[in-house]
Amino acid sequence: MIVKQVSESIKMKKLKVILRRLSPHFPMRKEIEDEVARSNAGYRGEKSLDYHLEILPNENCYILHDLRLPHGTQFFQIDVLIITPHFLLIIEVKNMAGTLHFDQEFNQLIRINNEMEETYPSPISQIYRQKFLFSEWLKKHLSHTIPIESLVVISNPHTRILATPETHDLSQRVIHSNHLLANFHMFNKIHKKEILTKREIKKLSRLLLKEHTYTNPDILQQYNILEKDILKGVFCPKCDTLPMIRNKKKWYCSNCRFYSKDAHVQALRDFAILFGPIISNSQCCNFLQISSSNVAQYILTSLQFPTSGTNRGRKYQISFEGEV
Ligand SMILES: [Zn+2]
């Protein structure tokens, strides 16, 4: 049973909005595009794993995606955690195409794709670290000792996995996603003793959800993006042209002649993701590119956002379900 679904991180939502609203000539645009592509691949890889997770024996098997747990003043992340009565399983998902060369001598991963060679930190070292930190976390929160298994799962079925020096050991730790069921059965055979009751599994899963901490990195600062670098206005929902023009309580697209009543909702969502959920009337005018404060007030009031302050100091809390 999947108790915490895979979802787009706040960082990824921010990056997507930034990319959509960033001038095409911004110097670090390519780096941002690369980061969005990497985050997207990671998200799709984990999403595709659900197909294999859903066929695991369901009874008393709790699955949590994307956990970020505290360790002292730092945090560690787990892509997928499976809690069973007999063992816990940590999965690190890699969605990488091409040939993956696990260099076990120097603990690095070399990816060869389209004749390009790139080096990454070893996912084996990554899961070793996660396993260690998670066992430390468990010592604080669980009175029993339970075996922790870990796997690197390669979500792209066409990715070739190689190792130097050649060892059979690697095939126990790095698998393709379609082999997950077989590995799961193997772990079940090794760990026969029931350690956690159904109630304890539920309790642990609740605690993990409570301890999970979102990260909200300042991407604008990271890439040195100033407010003036962000394109303002309302996008046309039909042809993606910017900006639409406010006319008689509607938005008009001069490119495809589409009229929209609520195209500003997406723009306000973008504002909240980039700058936080509080907006004033003048910020709304500026971001939606409207000249009349009465129109801004009409828009913000009709969306029934909670307010604080009065008159010119009034702020609106633009919160959307599932957003920052
Ligand atoms: Zn249009």
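Look a little higher up for the structure.
Heads up: these notes are all about the structure in this document. Please read all numbers here as calculations on a predicted model, not as lab measurements.

A word on unusual backbone geometry. Going from Leu242 to Pro243, the amide bond is cis rather than trans, its omega being -10°. Along the polypeptide, Pro243 turns up in the loop between helix H7 (219-222) and strand S11 (245-247). Phi at Glu115 takes a positive value of approximately 65°, unusual for a residue other than glycine. Relative to the elements of secondary structure, Glu115 occurs in the loop between strand S6 (108-113) and strand S7 (116-121). Non-glycine residue Asp240 carries a positive phi angle of around 65°. Here Asp240 shows up in the loop between H7 and S11. Residue class for Asp240 comes out partly exposed when judged on its relative accessible area of 46%.

Applying the stated criterion across every chain yields a total of 7 aromatic pairs. Here the aromatic rings of Phe87 and Phe184 are separated by 5.5 Å at their centres, their planes lie at 55°, and the arrangement is tilted. Of this pair, Phe87 sits in the loop between strand S3 (74-83) and strand S4 (88-94) while Phe184 sits in helix H5 (residues 180-190), placing them 97 residues apart in sequence. The same class applies to Phe87 as to Phe184, namely buried. For the pair Phe271 and Phe275, a centre-to-centre distance of 5.2 Å together with 55° between the ring planes defines the contact as tilted. Of this pair, Phe271 and Phe275 both sit in helix H8 (residues 264-275), 4 residues apart, which is roughly one turn of that helix. The class of Phe271 is buried, set by a relative accessible area of 5%. The class of Phe275 is partly exposed, set by a relative accessible area of 32%.

Cut-off values and rules
Residues numbered from 1 in each chain as written. Predicted model: local features only at pLDDT ≥ 70, side-chain atom pairs only at ≥ 80, totals over all residues. Heavy atoms only, no water. Helix = DSSP H or I, 4+ residues; strand = E, 2+ residues; numbered from the N terminus. Buried < 20%, exposed > 50% of the residue type's maximum accessible area, 1.4 Å probe, protein only. Phe/Tyr/Trp six-rings, centres within 6.5 Å; stacked < 30°, edge-to-face > 60°.

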